[in-house]
Amino acid sequence: MILELDCGNTLIKWRLISGAGSMVCAGGVVGSDEELVRAVAGVAAGLRGCRLVSVRSDDETARLIAALEQAFSVECCCARPALELAGVRNGYEQYQRLGLDRWLALVGAYQLVRKACLVIDLGTAVTSDFVAADGQHLGGFICPGVPLMRNQLRTHTRRTRYDDAEAEQALQSMTPGRSTAEAVERGCSLMLQGFVHGQLALAAEQLGECFEVFLTGGDASLVVDVVPGGRVVPDLVFIGLAVACPLR
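Residues numbered from 1 in each chain as written. Predicted model: local features only at pLDDT ≥ 70, side-chain atom pairs only at ≥ 80, totals over all residues. Heavy atoms only, no water.

(A) Examining the overall build of the protein chain more closely. Counting its regular elements, the protein chain contains 7 helices and 12 strands. A globule of 248 residues ought to have a C-alpha radius of gyration of about 18 Å, and the protein chain, at 19 Å, matches this closely. The principal-axis extents of the C-alpha atoms in the protein chain amount to approximately 55 × 45 × 35 Å. Counting over 248 residues, the protein chain shows a buried share of 44%. Accessible surface, the protein chain: about 12600 Å² in total, of which carbon and sulfur atoms supply 51%. When the 22 basic and 28 acidic side-chain charges of the protein chain are each reduced to a single mean position, those positions are 1 Å apart. (Helix = DSSP H or I, 4+ residues; strand = E, 2+ residues; numbered from the N terminus. Rg over C-alpha atoms; globule rule 2.2 N^0.38 Å. Buried < 20%, exposed > 50% of the residue type's maximum accessible area, 1.4 Å probe, protein only. Areas by Shrake-Rupley, 256 points an atom, 1.4 Å probe, with all protein chains shown as cover. Lys, Arg positive; Asp, Glu negative; His and termini not counted. Charge placed at Lys NZ, Arg CZ, Asp CG, Glu CD.)

(B) Region of interest: the sheet that holds strand 8 (residues 117-122). In spatial order, the strands read 10-9-8-11-12; together these 5 strands make up an open sheet with mixed pairing. Looking along the sheet, the strands with just one partner apiece sit at the ends: strand 10 (137-144) and strand 12 (231-232). Contacts from helix 3 (residues 100-113) reach strand 8, strand 9 (125-131), strand 10, strand 11 (212-216) and strand 12 within the one sheet, and its direction differs from that of strand 9 by about 45°. (Pairing = 2+ DSSP bridges. Contact = heavy atoms within 4.5 Å. Axes fitted to C-alpha atoms, helices over the stretch in contact; angles between N-to-C directions.)

(C) Highlighting the packing of helix 3 against helix 7 (residues 236-244). At their nearest, the axes of helix 3 and helix 7 sit 7 Å apart, and the two run at 85° to each other. It follows from the interaxial angle that helix 3 and helix 7 lie roughly perpendicular. Contacts between helix 3 and helix 7 involve Asp101, Leu104, Ala105, Val107, Gly108, Ala109, Gln111 and Leu112 from the first element and Leu236, Val237, Ile239, Gly240, Leu241, Val243 and Ala244 from the second. Along the lines of polarity and charge, the residues of the contact of helix 3 with helix 7 split into 11 nonpolar, 3 polar and 1 charged. (Parallel < 35°, antiparallel > 145°, perpendicular 65-115°, else oblique. Nonpolar A, V, L, I, M, F, W, Y, C, P; charged D, E, K, R; others polar.)

(D) The environment of valine 196, seen in detail. By secondary structure assignment, the location of valine 196 is in helix 6 (residues 180-207). The residues contacting valine 196, other than those within four sequence positions of it, are Ile120, Leu122, Val223 and Val227.

(E) Structural detail: unusual backbone geometry. Of note in this structure, serine 73 is not a glycine but carries a positive phi near 55°. Among the secondary structure elements, serine 73 is positioned in the loop between helix 2 (58-72) and strand 5 (76-78). Phi is positive for alanine 86, close to 50°, though the residue is something other than glycine. Position of alanine 86 among the secondary structure elements: in the loop between strand 6 (84-85) and strand 7 (88-89).

(F) How the structure looks around helix 6. The terminal C-alpha atoms of helix 6 lie 40 Å apart, and with 28 residues this matches the ideal 40 Å at 1.5 Å per residue to within 8%. Where helix 6 ends, the next residue or the one after it, glycine 208, has phi of about 90°, a positive value. (Expected span 1.5 Å × (residues − 1).)

(G) Examining the packing of aromatic side chains more closely. A full pass over the atoms with the stated rule returns 1 aromatic pair. Seen from their ring centres, phenylalanine 130 and phenylalanine 141 are 6.1 Å apart, and the 80° between their planes marks the pair as edge-to-face. In this pair, phenylalanine 130 sits in strand 9 while phenylalanine 141 sits in strand 10, placing the two residues 11 residues apart along the sequence. Since its relative accessible area comes to 38%, phenylalanine 141 is described here as partly exposed. (Phe/Tyr/Trp six-rings, centres within 6.5 Å; stacked < 30°, edge-to-face > 60°.)

Here it is in structure tokens:
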């Protein structure tokens, strides 16, 4: 089996895949290196390799790799910035500054279709990236996602207080909110949908009428209904990671 990791600033998403057909055997999300080692140790029989992408500092990433290599006696392959990978050319003026998770997601998307595509990742932050039919990355946008918008309102508005259950219930309808939870959750969702509508229009200008739309990230479900033909691919980063770090 192979261990794949997507290491964010606060959480680590992990999964185990088998060699035959890259079938996902187990996975989850943890909040620390120690939690990761414990979670993987319970299911990782016959682990033969590890590949990861990290947006953490070099020191934090090195500590995680050391913990994994000590715990499981495997070599870890870490994705690195690249000017070009698998037919995709990085569009940033300083290619090293493009977030590695974004880079791998757009590489993964292009591998799936080999045509122009718009990649929208809807997580804590929302990112979009435009890839032309010839693999040229044209750049993209970054804006706050629902978690950041919600937290800003809760932090800076004293009366904006409600729990997760209220937040989930609020999204059962999109009529004007009649409580704080409804007003905030529905408002954030509409802002997200407005951003996505704008990206679709811009993609038509930048890429022409023939392009694929990929949605990934935890809040993809909030916009899928407003993206005709959009493809929801939760593990898009891992598809790019396998390209960047092939393991035999």
